[in-house]
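Observations on the three-dimensional arrangement
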2 protein chains.
Amino acid sequence: MLILASASPRRKELLENLGYKFECLVADTDETLEKGIDGYNAVYELAYRKAKTVAAIKPDGVILASDTVVFCDGEILGKPNDRADAEKMLRRLSGKKHTVYTGVCVMDGEKCERLVSAAEVEFYPLDDALIEWYLDTNEPYDKAGAYGIQGKGSVLVKKIDGDYFTVMGLPCAEVFRALKKFQILPE
Amino acid sequence: MLILASASPRRKELLENLGYKFECLVADTDETLEKGIDGYNAVYELAYRKAKTVAAIKPDGVILASDTVVFCDGEILGKPNDRADAEKMLRRLSGKKHTVYTGVCVMDGEKCERLVSAAEVEFYPLDDALIEWYLDTNEPYDKAGAYGIQGKGSVLVKKIDGDYFTVMGLPCAEVFRALKKFQILPE
């Protein structure tokens, strides 16, 4: 049985759209990271920790875990705490490039596959009106970097170099190939 | 009033997700093209024709029309006629790059904005099992080039150079900026 170790509605939707049958199970994972860690290593580590925590509860399952961060000017941006924090993040991303890292870990009782997918995202310069409009949507508040690529946030983005689905939180084509190694196929 | 001159459920969904209020109206448009026309010029022309047809019916509206084609080895791929045709297209796209062109035309009684957005898509090599699996979904049959980027088709795609939404049929960020010139903003 495939188990998605994530509470993200985007990941759930993507995996459903691909045609997989799965359960969701989220377990409390220690997300403390060593100071100064970069985006790549952060998601590589966190996806693995999330998978391991759920594997301990469901030892017979095939666990798929994933973690996404926005990395800008050498710093990791997580989810904003509030509106002011979201505004600060959007102003920081405005008019320049940042990198989104999504780490994926698939494990069963025997083996473990880990990968990191990176995508470079370039933002349009955002004027005050556009930032206000976006802060008034419900999009920024549950997302790393205070934006989502798939809804209204799409108008903030000038260019993506890499996989759109990596930015959304689950690199579908790579996940498909990783799950295949565990004989897990969509229906 | 904004009017979307398209029957595509993907375009409708994207425009809704952006927060626009609009009506849909599709009118019969002559889609005959001169022989040997390339993808860029095909969508530039067809988006304009679609917009003009609808503008004649709704002269007070702001019309948004769009057209998408897949261009591979110098040839335009439209929607497949049947399963055999879809299979032929997928085998043709397998393991190589093609270009998706989406043309956009916005017009009201006074002015007209036209643009074409191009995205290069690279397919994984597709084996027989993957092609059969994809042909068994309902995805290939109403889409140019016999695939959709947003659902199960995402596992066929190795890389996109350009806008994901251009491949889906409506380059959101560019449409947002074009509509702004007509004082049409999302809510």
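Higher on the page you've got the structure.
Every value quoted in this text rests on a predicted model; they were computed, and no experiment measured them.

**Brief notes about the interface of chain A and chain B**
Listed by partner, the interface residues are 28 residues for chain A and 28 residues for chain B. Here chain A and chain B share an interface that buries about 2,100 Å² over both sides, 59% of which is from carbon and sulfur atoms. Interface area lost by chain A to chain B is led by Val155(A), Tyr164(A) and Arg177(A), which between them contribute 21%. Taken together, the links from chain A to chain B amount to two salt bridges.

**Points about the pattern of salt bridges**
Applying the stated criterion across every chain, the model contains 32 salt bridges over all chains. Its salt-bridge partner being Glu16(A), residue Lys12(A) comes within 3.3 Å of it at the nearest N-O pair. Remark: Glu16(A) and Lys12(A) occur in helix H1 (residues 9-18); sequence separation between them is four residues, near one turn of the helix. The partly exposed category is assigned to Glu16(A), whose relative accessible area is 42%. Here Glu87(B) ties to Arg91(B) by a salt bridge, and the two come within 3.0 Å at their closest N and O atoms. Placement of the pair is Glu87(B) and Arg91(B) together in helix H3 (residues 83-93), with a separation of four residues, close to one helical turn. Three or more residues are tied together by salt bridges with common partners; here these are Asp73(A), Glu75(A), Arg92(A) and Lys96(A).

**With respect to the environment of Leu25(A)**
Residue and element names in this part refer to chain A. Structurally, Leu25 can be placed in the loop between strand E2 (23-24) and helix H2 (39-57). On a C-alpha basis, the gap between Leu25 and Ser6 in space is 6.6 Å, while along the polypeptide they are 19 residues apart. The contact partners of Leu25, leaving out residues within four places of it in the chain, are Ile3, Leu4, Ala5, Ser6, Val54, Ile57 and Lys58.

**Overview of the packing of aromatic side chains**
Residue and element names in this part refer to chain A. Tallying each qualifying case throughout the model produces 17 aromatic pairs over all chains. For the ring pair Phe71 and Tyr101, a centre distance of 6.1 Å and an interplane angle of 70° mean the geometry is edge-to-face. With a gap of 30 residues between them, Phe71 in strand E3 (residues 62-72) and Tyr101 in strand E5 (residues 97-107) connect regions that are remote in the sequence. The same class applies to Phe71 and to Tyr101, which are both buried. Aromatic pair Phe123 and Tyr147: ring centres 4.8 Å apart, planes at 75°, arrangement edge-to-face.

**Remarks on the packing of H3(B) against helix H4 (residues 128-136) of chain B**
Residues and elements named next belong to chain B. Packing of H3 against H4 brings their axes to within 11 Å, and their N-to-C directions diverge by 135°. Judged by the angle between their axes, H3 and H4 are oblique. In this structure, H3 crosses over H4, and the sense of that crossing is right-handed. Residue-level inspection shows Arg83, Ala86, Glu87, Leu90 and Arg91 of H3 in contact with H4, the latter providing Asp128, Ile131, Glu132, Tyr134, Leu135 and Asp136.

**Focus on the environment of Ser94(A)**
Residue and element names in this part refer to chain A. With respect to the helices and strands, the residue Ser94 is situated in the loop between helix H3 (83-93) and E5. A sequence separation of 37 residues divides Ser94 from Ile131, and the C-alpha atoms of the two residues are 9.4 Å apart. When sequence neighbours within four positions are dropped, the list of residues in contact with Ser94 reads Phe123, Tyr124, Pro125 and Leu126.

**Remarks on the relation of the copies chain A and chain B**
Note on the identical chains: chain A maps onto chain B by a rotation of 180° and an axial translation of 0.0 Å, with an RMSD of 0.0 Å. On the angle and the small slide along the axis, the relation comes out as a two-fold axis. Here 100% of the contact residues of chain A are again contact residues in chain B; the copies associate through an equivalent surface.

**Focus: the side chain of Ser154(A)**
Among the structural elements, Ser154(A) can be located in the loop between helix H4 (128-135) and strand E7 (157-161). If near-sequence neighbours (up to four positions away) are discounted, Ser154(A) is found in contact with Gly148(A), Ile149(A), Leu18(B), Phe165(B), Cys172(B) and Ala173(B).

**Here's the deal with the layout of surface pockets**
Size it by volume and the largest pocket reaches roughly 850 Å³. Elements with a minimum of two residues in the lining of the largest pocket: H1, H2, E3, strand E4 (75-77) and helix H5 (164-168) of chain A. Of all the elements, H2(A) adds the most residues to the lining of the largest pocket, at five residues. Considered as a void within the structure, the second largest pocket measures approximately 710 Å³ in volume. Contributing to the lining of the second largest pocket are 37 residues, with Arg11(B), Lys50(B), Asp67(B), Thr68(B) and Lys79(B) lying nearest its centre. Looking at the lining of the second largest pocket, the elements that each hand over two or more residues are helix H1 (9-17), helix H2 (39-57), strand E3 (62-72), strand E4 (75-77) and helix H5 (164-168) of chain B. When its residues are assigned to classes, the lining of the second largest pocket shows 19 nonpolar, nine polar and nine charged.

**Comments concerning the nonpolar core**
One finds Leu15(A), Leu90(A), Tyr147(A), Leu15(B), Leu90(B) and Tyr147(B) to be the most contacted residues of the largest nonpolar core, which totals 102 residues. Contact partners of Leu15(A), with chain neighbours within four places excluded, come to Leu2(A), Leu4(A), Tyr20(A), Phe22(A), Leu64(A), Leu170(A) and Val175(A). Listed in part, the eleven residues of the second largest apolar core include Ile3(B), Ala51(B), Ile63(B) and Met107(B).

Calculation rules
Residues numbered from 1 in each chain as written. Chains lettered and ligands numbered in written order. Predicted model: local features only at pLDDT ≥ 70, side-chain atom pairs only at ≥ 80, totals over all residues. Heavy atoms only, no water. Contact = heavy atoms within 4.5 Å. Buried area = accessible area lost by both parts, 1.4 Å probe. Salt bridge = Lys/Arg side-chain N within 4 Å of Asp/Glu carboxyl O. Helix = DSSP H or I, 4+ residues; strand = E, 2+ residues; numbered from the N terminus. Buried < 20%, exposed > 50% of the residue type's maximum accessible area, 1.4 Å probe, protein only. Phe/Tyr/Trp six-rings, centres within 6.5 Å; stacked < 30°, edge-to-face > 60°. Axes fitted to C-alpha atoms, helices over the stretch in contact; angles between N-to-C directions. Parallel < 35°, antiparallel > 145°, perpendicular 65-115°, else oblique. Left-handed = near helix turned anticlockwise from the far one by under 90°. Least-squares fit on C-alpha atoms with pLDDT ≥ 70 in both. 1 Å grid on protein atoms, 1.4 Å probe; cavity = no way out; pocket = protein on both sides within 12 Å on 5 of 7 lines; lining within 4 Å. Points joined across faces, edges and corners; volume = space filled by probe spheres on them. Nonpolar A, V, L, I, M, F, W, Y, C, P; charged D, E, K, R; others polar. Core = buried A, V, L, I, M, F, W, Y, C linked by side-chain atoms within 4.5 Å.

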